[in-house]
Amino acid sequence: MDWKEGTADSCITEREAPRLAIVCPCYNEEATLGESLERLMDHLTQMSGEGLCLGDSFVLISDDGSRDSSWRIIEEWHRRYPERVHGIRLARNAGHQNAIMAGMTEAVGLGAEAVVTMDVDLQDDLQAVSDMLRSWREGYDVVYGVKVSREADPPLKRFTAKAFYRLQQRMGIEIVYNHADFRLLSSRVVRELSRYEERNLYLRGIIPHIGYPSTTVDDHLQPRRAGVSKYTFGKSLRLALDGITSFSVKPLYLTMALGGIYILVAIGIGIYVLASLLSGNAEHGWSSMMLSIWFVGGTTLIALGILGFYVGKTYIEVKHRPLYHIDRKI
Ligand code: UDP
Ligand code: MG
């Protein structure tokens, strides 16, 4: 038994090469899918040749309800390589996080001992997958791919992503800086993950929470080869809001603090109005009263909005809806 740095509270042991599954969420990716599958298969062959994973490792594409020919491409590849390319198709577009969760669960069901999740556009570094398997061999259950360069991302995305990581850390959420959903998990972590019953899935927040031995590898992000980003501004904003409101109640406290400050301001204005009334200068009072009404009204609405967000989430959580429905399996 071997103690490793960075896992002070866990004991890790070296182990054999695993049966690996590379799981890729896929939404309308006909432009990249064929080339990506080719590169993934080549890399799997190379890694099993190097003894990093077993020869019966496979790729599993989780089709997140694509409307283009993605599923047909997956079927075609499965016909050519029935043991090495698997696919699931979600009945509708359930979102990136749910597509990943569905894919990982299926892959473990098919006998994978380790699962690497990566976007099907292969912007992440395939070499990093080999590094992840080296860390697996050392005994790690969770290996995070950490973006060391974001040159491939447009400037606005780089800026908002950075601000978002900082904001989450301020909110006390335990996340790995510059890590998205490119990671290796052991099958036991996937099984533990399925015990989290939340419907607003935010894997980046949950996985550090589970707490198995973990480490990081460097990921050199590449530009997208073909097709366009499927993460629209709306989807990114949704993920950001989910990330914060699923793991932190600090926004609630902040609203309360803000409410307190505004009440103090209102008292100040009240005193001013009273003083003007007593001194017979009442016409000034009208404008200050109007001002305070608007201010208080505004903050009340903000507070209600944030409260509504949490109440809304509670409502969704208590329904315990299934995360996804698989339409077909091959
Ligand atoms: N994706 C998905 N469902 C969605 C949106 C995206 O499964 O609703 C997949 C997409 O096919 C890709 C990955 O999630 O494999 C990341 O999306 P994308 O590359 O468009 O995001 P970006 O790299 O621009 O952040
Ligand atoms: Mg991408």
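Here, every reference points to the structure presented above.
Since this is a predicted model, take the numbers as computed values, not measurements.

## Some remarks on the overall build of the chain
Next, step 1: The number of helices and strands found in the chain is 10 helices and 8 strands.
Next, step 2: What you see for the chain is a C-alpha radius of gyration of 25 Å, clearly larger than the 20 Å of a compact globule of 330 residues, by over 25%.
Next, step 3: Oriented by its inertia axes, the alpha-carbon framework of the chain measures out at about 90 × 50 × 40 Å.
Next, step 4: Looking at the chain residue by residue over its 330 residues, the buried ones come to 45%.
Next, step 5: Taking contacts inside the chain between residues at least 6 apart in sequence as the whole, the part at least 24 apart equals 82%.

## What to know about the coordination of the magnesium ion (ligand 2)
Next, step 1: Looking at the magnesium ion (ligand 2), the protein donor atoms are Asp121 (OD) and Gln123 (OE1), and they sit 2.0 Å from it. In terms of burial, Asp121 and Gln123 fall into one category: buried.

## Some details on the site of ligand 1
Next, step 1: Surrounding ligand 1, one finds 17 residues, the nearest of these being Asp64, Asp121, Lys157, Ser229 and Lys230.
Next, step 2: In the model, a nitrogen atom of ligand 1 is placed 2.6 Å from a nitrogen or oxygen of the Asp64 side chain.
Next, step 3: Here Val120 contributes a backbone N or O atom positioned 3.1 Å from an oxygen atom of ligand 1.
Next, step 4: Contact with the protein chains hides 93% of the accessible area of ligand 1, taken as 530 Å² for the molecule alone.
Next, step 5: In the shell around ligand 1, the residues fall into 5 nonpolar, 4 polar and 8 charged.

## Remarks on the nonpolar core
Next, step 1: In this structure, Leu20, Ile22, Met47, Ile61 and Met118 are the most contacted members of the largest nonpolar core, which totals 36 residues.
Next, step 2: Of all the elements in the fold, those that place two or more residues in this core are β1 (20-26), α1 (30-49), β2 (58-63), α2 (70-80), β4 (114-117), α4 (126-138) and β6 (179-186).
Next, step 3: Not counting the four nearest positions on each side in its chain, Ile61 is found in contact with Cys24, Cys26, Leu33, Leu37, Ile74, His86, Gly87, Ile88 and Val120.
Next, step 4: Counting residues in each nonpolar core, the second largest holds 28 residues, with Leu60, Ala99, Met101 and Leu185 among its members.

## Concerning the pairing of strand β3 (residues 85-90)
Next, step 1: Burial analysis of β3 places 6 of its 6 residues in the buried class, which makes it a mostly covered element.
Next, step 2: Bridge count between β2 and β3: 5 bridges; the pairing is parallel. Bridge pairing in β3 places Asp63 opposite Arg89.
Next, step 3: In the classification by handedness, the crossover that spans β2, the intervening α2 and the parallel β3 is right-handed.

## Re the packing of α1 against α2
Next, step 1: α2 packs onto α1 with a crossing angle of 25 degrees between their chain directions and a minimal axis gap of 9 Å. Judged by the inter-axis angle, α1 sits roughly parallel to α2. Classified by chirality, the crossing of α2 by α1 is right-handed. Here Glu30, Leu33, Gly34, Leu37, Glu38 and Met41 of α1 come into contact with α2, specifically with Ser70, Ile73, Ile74 and Trp77.
Next, step 2: Considering only residue class, the contact of α1 with α2 consists of 6 nonpolar, 2 polar and 2 charged.

## A few points about the environment of Ile326
Next, step 1: With respect to the secondary-structure elements, Ile326 resides in strand β8 (residues 326-329).
Next, step 2: Look at Ile326 and you get partly exposed, because its relative accessible area is 28%.
Next, step 3: Sequence spacing of Ile326 and Ala17 is 309 residues, and the spatial spacing of their C-alpha atoms is 30 Å.
Next, step 4: Ile326 has contacts with Ile88, Arg89, Leu90 and Glu106, leaving out every residue within four places of it along the chain.

## Let's talk about the pattern of salt bridges
Next, step 1: This structure, assessed with the given rule, holds 15 salt bridges.
Next, step 2: Among the ionic pairs, Arg19 bridges to Asp56, the shortest N-O distance being 3.5 Å. Taken together, the positions of Arg19 in the segment before β1 and Asp56 in the loop between α1 and β2 put the pair 37 residues apart, joining distant regions of the chain.
Next, step 3: With a relative accessible area of 18%, Arg19 lands in the buried category.
Next, step 4: The partner of Arg238 in a salt bridge is Asp242, and the shortest N-O contact between them spans 3.8 Å. Of this pair, Arg238 and Asp242 both sit in helix α8 (residues 233-247), 4 residues apart, roughly one helical turn.
Next, step 5: Because the salt bridges share partners, they merge into one network encompassing Glu29, Asp121, Arg224 and Lys230.

Basis of the calculations
- Residues numbered from 1 in each chain as written.
- Chains lettered and ligands numbered in written order.
- Predicted model: local features only at pLDDT ≥ 70, side-chain atom pairs only at ≥ 80, totals over all residues.
- Heavy atoms only, no water.
- Helix = DSSP H or I, 4+ residues; strand = E, 2+ residues; numbered from the N terminus.
- Rg over C-alpha atoms; globule rule 2.2 N^0.38 Å.
- Buried < 20%, exposed > 50% of the residue type's maximum accessible area, 1.4 Å probe, protein only.
- Contact = heavy atoms within 4.5 Å.
- Donors = N, O, S within 2.8 Å, 3.2 Å for Na, K, Ca; no water.
- Near = heavy atom within 4 Å.
- Polar contact = N/O pair within 3.5 Å; in protein donor to acceptor, adjacent residues only side chain to side chain.
- Areas by Shrake-Rupley, 256 points an atom, 1.4 Å probe, with all protein chains shown as cover.
- Nonpolar A, V, L, I, M, F, W, Y, C, P; charged D, E, K, R; others polar.
- Core = buried A, V, L, I, M, F, W, Y, C linked by side-chain atoms within 4.5 Å.
- Pairing = 2+ DSSP bridges.
- Right-handed = clockwise from strand over helix to strand, strands pointing away.
- Axes fitted to C-alpha atoms, helices over the stretch in contact; angles between N-to-C directions.
- Parallel < 35°, antiparallel > 145°, perpendicular 65-115°, else oblique.
- Left-handed = near helix turned anticlockwise from the far one by under 90°.
- Salt bridge = Lys/Arg side-chain N within 4 Å of Asp/Glu carboxyl O.

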